[in-house]
Amino acid sequence: MFKSIIARAKQGHRTMRYPAGAPPALSDRFRGRPTIEGAKCVQGCLACAQACPTVAITDRVAITDRGAIQGRGAIQGRGAGRHEVDLGKCLFCTDCARACPQGAISHSPDWRLSVSRRGDFMVGMEGGSAASGTSPESDALRLAAALPKEMMRLFGRSLKLRQVSAGGCNACEADVNVLGTIGWDLGRFGIQMVASPRHADGLLVTGPVTRNMELALMKTWDAVASPKIVIVVGSCAISGGPFIGHDEACGGVGDMLPVCLYVPGCPPHPLTILDGLLRLLGRIKSAS
Amino acid sequence: MMSDRNDNFAPLGNCRSIRLAEIPELPFDRFADAIVSRTAAGQRVCAFFASAGKASGSTRLQVVIANDDEDSLAVGCCSVSGPAFESITPACPQVHLFEREIAEQYGLKPVGHPWLKPLRYQRSWTDRDAWDRDRGAAILPGVGDFFRVEGDEVHEVAVGPVHAGVIEPGHFRFQCHGEKVFHLEIALGYQHRGIEEALAGGPDRRSIHYAETVAGDTTAGHATTYCQVVEALSGYRTTVHSHIVRGIALELERMANHVGDLGALSGDVGYLPTASFCGRIRGDFLNMTALLCGNRFGRGLMVPGGIGFELDAPRAGELLARVETAEREVAQAVNLLWDDQSVMARFEDTGPLPLETARELGVVGVAARASGLERDVRYNHPTGIYRYVQIPVSTYDTGDVFARAYIRWLEIQQSVTFIKERLRSLTPPSPAPGIGPLPPDSLAVSLNEGWRGEICHVAMTGPGGSFSRYKIVDPSFHNWYALAVAMRDQEISDFPLCNKSFNLSYCGHDL
Ligand code: SF4
Ligand code: SF4
């Protein structure tokens with residue numbers, strides 16, 4: 001008893017101040033969105049696209065054959081000096097950066113990556129350089145918007161979510177769980193993971209939705225009372241992630257359910273997930 | 001019974017390769033006898049799987065056996081023509097799931113298997129089906145026969161696939177008499193993503209990512225094992241620096257998960273101080289892995305031929321400081337458990353797994369050591385940095401929840417010591433040449449002690465040097481059945497606690 005009180009005193013108060021205070025420090029090797037330093041890139045090279053495990057990088061005129069989608073064949077095409085990356089497929093790995101003979105690719109340290117629409121993940125990699133003829137605005141990631149007014153009235157101060165793990169690797173689940181620990185304390189925003197879909201306002205789905213989880217996912221969805229929302233976390237749930245093209249999985253939640261928040265990463269950092277959730281609830285405004 | 005000296009299994013070291021032609025193809029009877037006599041003598045099956053045979057329609061059965069007493073491995077094979085073989089399970093229980101897997105993947109029926117049902121509810125890779133199901137008919141997960149205890153007061157409790165927590169899906173059926181569990185049957189397969197299928201034909205740009213996501217909480221374990229199997233095949237010599245960084249990452253992974261498990265066990269018995277301290281400290285360990293490579297689970301750290309991120313001196317210093325802080329905090333948080341009567345009352349004598357049962361089932365890892373088996377790849381079959389540095393094996397003899405918790409605590413302390421020593425005498429990076437192509441018609445085995453237990457990867461190459469078959473055995477594959485056995489005669493309300501004390505992977509089993 002006394003020992004536990006002493007331990008409590010020594011362990012101290014650990015809940016972070018974020019978002020009111022500074023966010024927790026990330027590793028200097030943290031990998032956000034991959035970007036190309038346009039001036040260094042050699043037109044027509046496409047070594048990055050060919051190295052990418054999920055064929056997330058495309059060139060405007062690149063032709064991908066079926067083999068390439070499977071991760072086997074080569075990508076053919078002429079470089080037009082304008083690379084686009086689908087952050088919904090991106091694993092935030094190191095393969096493109098390592099493959100680039102010019103060392104032109106690096107990963108941004110920005111953890112803010114969640115969006116409201118699947119299509120918003122398609123962004124230019126040059127980040128608006130003169131060499132590529134793009135503007136910073138056109139290549140910026142349109143971060144997630146808050147829920148519409150009526151939904152915000154219902155869920156803004158209390159959002160109960162049922163988590164469904166549908167075929168991932170359990171790392172996304174682990175980093176969702178982290179948000180419940182004392183350091184992050186998701187409860188202070190009124191967000192809680194609940195044990196039954198009957199208690200939930202929506203689903204938080206991870207994993208590519210394996211064929212063997214398709215029915216269970218849909219049944220869980222049906223058991224949630226309307227109005228309800230869907231949040232997907234991790235590249236698996238967005239696009240299939242490392243399992244894109246597999247017959248055994250559906251390639252993410254896709255059109256199966258109406259998704260209102262996409263959190264990319266493999267797995268996303270807890271800070272990326274929290275940022276997405278807070279944007280959804282209007283606690284962080286997109287302008288900031 | 002013949003002695004294992006002349007049963008014609010080929011000896012093979014961990015992380016070594018052999019030409020397929022050098023593994024004698026035995027008649028099935030001799031192959032089966034060798035497995036039975038070796039396991040009866042205390043050896044164990046690391047992997048037992050099928051691949052396409054040489055003659056069309058034939059199937060090759062391949063086994064990897066570990067002799068932990070003599071620190072050696074052996075591989076044996078045989079060829080089966082036709083759609084069936086005689087089940088080895090009745091004489092050697094530890095192959096029961098392997099045979100169900102062979103039946104499911106290759107449509108090859110182990111005749112006489114005591115409980116032959118699908119393992120992952122997937123379609124056969126061949127045009128045969130072990131259950132003669134219609135090719136067009138859907139295969140529904142969890143649907144089929146289950147053990148059933150009949151009786152007026154017996155009832156059945158079914159749970160899952162979707163569970164109440166943020167965890168992976170699986171289906172559990174308990175046969176209960178009041179609170180007491182007679183039998184638990186576990187049906188998995190919901191997480192099946194087709195990783196082994198997709199690895200065949202590689203290595204390619206996806207391969208390492210499959211290894212990283214077989215079980216995401218074991219990224220360092222599976223990715224290292226994958227890299228080592230590729231390195232073994234191509235005869236590549238990895239630099240000492242790479243070995244050290246891999247070892248550090250493996251031990252960080254062990255500590256993160258063990259600390260997390262101790263916190264979760266504590267939460268399951270309603271003891272909140274340790275639960276909340278450990279939940280946070282687990283994150284500190286994950287952040288140390290992120291310090292190494294930018295990702296909390298170690299994604300991108302392992303690459304065939306070495307590591308993706310070097311460990312420079314300032315970073316090593318920072319890591320050392322963080323490990324030392326965490327060491328103090330973990331000790332304080334965890335030692336509360338052993339001093340608290342209400343915690344110990346729940347941990348002790350709950351979910352016991354007797355030594356003999358653990359041995360017969362071929363249990364590995366924390367669960368094996370908690371039942372008294374001295375079984376640890378780092379000690380019995382060391383590779384990489386573990387060849388130079390020995391980590392003592394931690395064992396206990398009660399096999400209950402307490403033992404499985406206490407082993408974790410002992411191992412956390414060993415890992416801390418290991419990491420501190422490595423960081424204080426870090427060998428700087430040296431240039432590493434690229435890894436060459438893989439040789440044709442070869443086989444390599446790579447074992448590592450992941451935080452859950454033994455991870456086994458077996459790679460076979462075809463005439464062109466690409467993978468003709470890639471077999472992965474996650475430690476969970478050996479251990480799920482042990483959880484079911486440990487639940488016999490227990491209260492059903494102790495299931496979450498028992499389950500957590502094993503903390504097995506669903507996706508690692510389902511691949
Ligand atoms: S980080 Fe990896 S997944 Fe993302 S674009 Fe680059 S190679 Fe592709
Ligand atoms: S997105 Fe990546 S980390 Fe998340 S479940 Fe899928 S494979 Fe695992």
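About the thresholds
- Residues numbered from 1 in each chain as written.
- Chains lettered and ligands numbered in written order.
- Predicted model: local features only at pLDDT ≥ 70, side-chain atom pairs only at ≥ 80, totals over all residues.
- Heavy atoms only, no water.
- 1 Å grid on protein atoms, 1.4 Å probe; cavity = no way out; pocket = protein on both sides within 12 Å on 5 of 7 lines; lining within 4 Å.
- Points joined across faces, edges and corners; volume = space filled by probe spheres on them.
- Nonpolar A, V, L, I, M, F, W, Y, C, P; charged D, E, K, R; others polar.
- Helix = DSSP H or I, 4+ residues; strand = E, 2+ residues; numbered from the N terminus.
- Pairing = 2+ DSSP bridges.
- Axes fitted to C-alpha atoms, helices over the stretch in contact; angles between N-to-C directions.
- Contact = heavy atoms within 4.5 Å.
- Buried area = accessible area lost by both parts, 1.4 Å probe.
- Salt bridge = Lys/Arg side-chain N within 4 Å of Asp/Glu carboxyl O.
- Polar contact = N/O pair within 3.5 Å; in protein donor to acceptor, adjacent residues only side chain to side chain.
- Domains from an automatic or database assignment.

1. Here's the deal with empty space enclosed by the protein
Per the counting criterion, the structure on display carries 11 cavities of 30 Å³ or more. Taken as a whole, the largest cavity holds about 180 Å³ of empty space. What lines the largest cavity is a set of 17 residues, among which F30(A), R31(A), P267(A), H269(A) and N295(B) lie closest to the centre. When grouped by side-chain class, the residues that make up the lining of the largest cavity number 9 nonpolar, 5 polar and 3 charged. Around the second largest cavity sit 14 residues that line it, and D217(B), E253(B), L286(B), R296(B) and F297(B) are the ones nearest its centre. Ranked by residues supplied to the lining of the second largest cavity, first place goes to helix α6 (residues 240-268) of chain B with 5 residues. In the lining of the second largest cavity, the residues fall into 6 nonpolar, 4 polar and 4 charged.

2. Some points on the sheet that holds strand β9 (residues 154-159) of chain B
All names here are of chain B. Spatially, β9-β10-β11 is the arrangement adopted by the 3 strands of the open sheet, whose pairing is antiparallel. Of all strands in the sheet, those with a lone pairing partner are β9 and β11 (180-187), marking the two edges. Neighbouring strand axes in the sheet, compared pairwise and without regard to direction, differ in orientation by 20° on average. Here strand β10 (residues 171-177) runs beside β11; their pairing, made up of 7 bridges, is antiparallel.

3. Comments concerning the interface of chain A and chain B
By a frequent convention, interface size equals the accessible area lost on bringing the separate parts together. Counting from both sides, the interface comprises 66 residues of chain A and, opposite them, 63 residues of chain B. Across the chain A/chain B interface, buried area totals approximately 5,000 Å², and carbon plus sulfur atoms make up 50% of it. At the boundary of chain A and chain B, one finds 5 salt bridges. The partner of K3(A) in a salt bridge is D339(B), with the nearest N and O atoms 2.7 Å apart. Viewed at the interface, chain B and chain A are joined by 32 residue pairs in polar contact (both at pLDDT 80 or more).

4. Re the domain arrangement of chain A
Residues and elements named next belong to chain A. Each domain of chain A was delimited in the assignment, giving domain 1 (34-128) and domain 2 (149-280). Taken together, the 18 residues of domain 1 in the interface contact 20 residues of domain 2. Run the count over domain 1 and domain 2 and you get 3 residue pairs in polar contact (both at pLDDT 80 or more). Looking at the side of domain 1 that touches domain 2 residue by residue, the classes come out as 9 nonpolar, 5 polar and 4 charged.

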